[in-house]
Amino acid sequence: MKPSIATKLEQLRLRLEDLTRLLSAQEATADMEQYRKLSREHSEITPVVGLYQAYRKTEEDIRQAAEMASDPDLRDLAEADLRQGKDELARIEQELQRRLLPTDPNDDRNIYLEIRAGIGGDESGLFAGELFRMYSRYAERNRWQVEVVSQSFSEAGGFKEVIARIIGHGAYSKLKFESGGHRVQRVPATETQGRIHTSACTIAVMPEASEISEVVLNPAELRIDTYRASGAGGQHINKTDSAVRITHLPSGIVVECQDDRSQHKNKAQALSVLAARIKDRQLRERAAKEAATRKSLIGSGDRSERIRTYNFPQGRVTDHRINLTLYKVEAIMDGDLFELVDTLAAEHQTELLAALAEEA
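Keep in mind the model is a prediction, meaning the values are calculated, not measured. (Residues numbered from 1 in each chain as written. Predicted model: local features only at pLDDT ≥ 70, side-chain atom pairs only at ≥ 80, totals over all residues. Heavy atoms only, no water.)

*Asks:* Would you explain the packing of helix α2 (residues 32-68) against helix α3 (residues 75-99) in this entry?
*Replies:* A packed helix pair is summarised by two numbers, namely the angle formed by the two axes and the spacing between the axes. Look at α2 against α3: their axes get within 9 Å of each other, and the N-to-C directions meet at 160 degrees. With respect to their mutual orientation, α2 and α3 come out roughly antiparallel. For the pair α2 and α3, the sense of crossing is left-handed. Partitioned by chemical class, the residues of the contact of α2 with α3 number 15 nonpolar, two polar and eight charged. (Axes fitted to C-alpha atoms, helices over the stretch in contact; angles between N-to-C directions. Helix = DSSP H or I, 4+ residues; strand = E, 2+ residues; numbered from the N terminus. Parallel < 35°, antiparallel > 145°, perpendicular 65-115°, else oblique. Left-handed = near helix turned anticlockwise from the far one by under 90°. Nonpolar A, V, L, I, M, F, W, Y, C, P; charged D, E, K, R; others polar.)

Here's what the structure looks like:
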């Protein structure tokens, strides 16, 4: 075991002793919020320290077996114990490394999903609509809720842009690797000569800020405009200025919301989306700095980065970041993203483990 990992584990063992003492103190429940916080930390650390103690015991068992091996009468038994002990030690060390991996504080959060049509004209808009259905079906399979925040329809169907809030425990942890460029290859319904066309959409997945206060929005830096909302094709014209457009002047980020008839609700929703976009920009800037020293296996998540291709004539979906190809495009477009999502998460964990192993 590397000294840096051993030091971390020893620090956790001492911290667990402190937490046990604090939680058993007579005045521990005087501050219930602090008590709950300490209890959560205690429950998180306990299994790691338990593994660490098992590691140290296994080390001692190996030492004793090595001493026994010097006795000719016990050599065979001792060597068997040594092999078993070394295998167990390797298993425990691998599990300890996994549990020491840094956790993303945003993993449990709801998300804002933004899908924008890109190159490809009408076909791109149709693909944007299909991608939105794909993620909506995946959300249904996970028993999550989907709320459309804003949508702009394309003339041939589908969307020019759609923004949705997906509400569900762990939504960000499952979908955070979906940000980037998604490309489709197929023969459009309007193509008379059977030629395959390529179109693309960009997707942004942003963790919802737990509170708008988490991102400081200075009113002096916001320009808020109101206007009359209209439905698809100009129908259902709203007779009041209920639609809201908010411009964040320092960053140039613009958010529009018009789906609700209440200006107050549209403004609150727009502020929430704006906070998520600013938080997302901050996260990406931080990730870019980290990537300067070590590039993530699953890509930077940059909006312009082509991450996945959906090839309908061949029935395949390819994720270019991890060189994974699955021949079930129809099932995936129907929301069966589990294999893709799980493989991306596993690759990310592998990269984190490699980074941990490189520490001095």
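*Asks:* Looking at this structure, how should I read the pattern of salt bridges?
*Replies:* With the rule as written, the count across this model stands at 30 salt bridges. In this structure, the salt-bridge partner of Asp334 is Arg141, at a minimum N-O distance of 3.4 Å. Note that Asp334 is positioned in the loop between α7 (329-333) and α8 (338-358) and Arg141 in helix α4 (residues 122-141), a separation of 193 residues in sequence. Classification of Arg141 by relative accessible area gives partly exposed; the value is 36%. (Salt bridge = Lys/Arg side-chain N within 4 Å of Asp/Glu carboxyl O. Buried < 20%, exposed > 50% of the residue type's maximum accessible area, 1.4 Å probe, protein only.)

*Asks:* Whenever I open this one, the sheet that holds strand β6 (residues 222-227) confuses me. Can you help?
*Replies:* Sheet strands associate in pairs through backbone hydrogen bonding, adopting either a parallel or an antiparallel arrangement. With respect to topology, three strands assemble into an open sheet ordered β6-β7-β8, the strand pairing being antiparallel. Each end of this open sheet is capped by a strand with a single partner; those strands are β6 and β8 (253-257). Sheet twist, expressed as the mean angle between neighbouring strand axes with direction ignored, is 15 degrees. Sheet topology note: the β6/strand β7 (residues 243-248) ladder contains six bridges and is antiparallel. Opposite Asp225, over in β7, you have Arg245 as the bridge partner. (Pairing = 2+ DSSP bridges.)

*Asks:* What is the right way to read the sheet that holds strand β11 (residues 324-326) from this model?
*Replies:* Sheet architecture is open: eight strands sit in the order β2-β3-β1-β5-β4-β9-β10-β11, paired in mixed fashion. Two strands lie at the open edges of the sheet, namely β2 (145-153) and β11, each paired on one side alone. Each neighbouring strand pair of the sheet contributes to a mean axis angle of 15 degrees, computed without reference to strand direction. Examined bridge by bridge, strand β1 (residues 111-117) and strand β3 (residues 159-167) share six bridges and lie antiparallel to one another.

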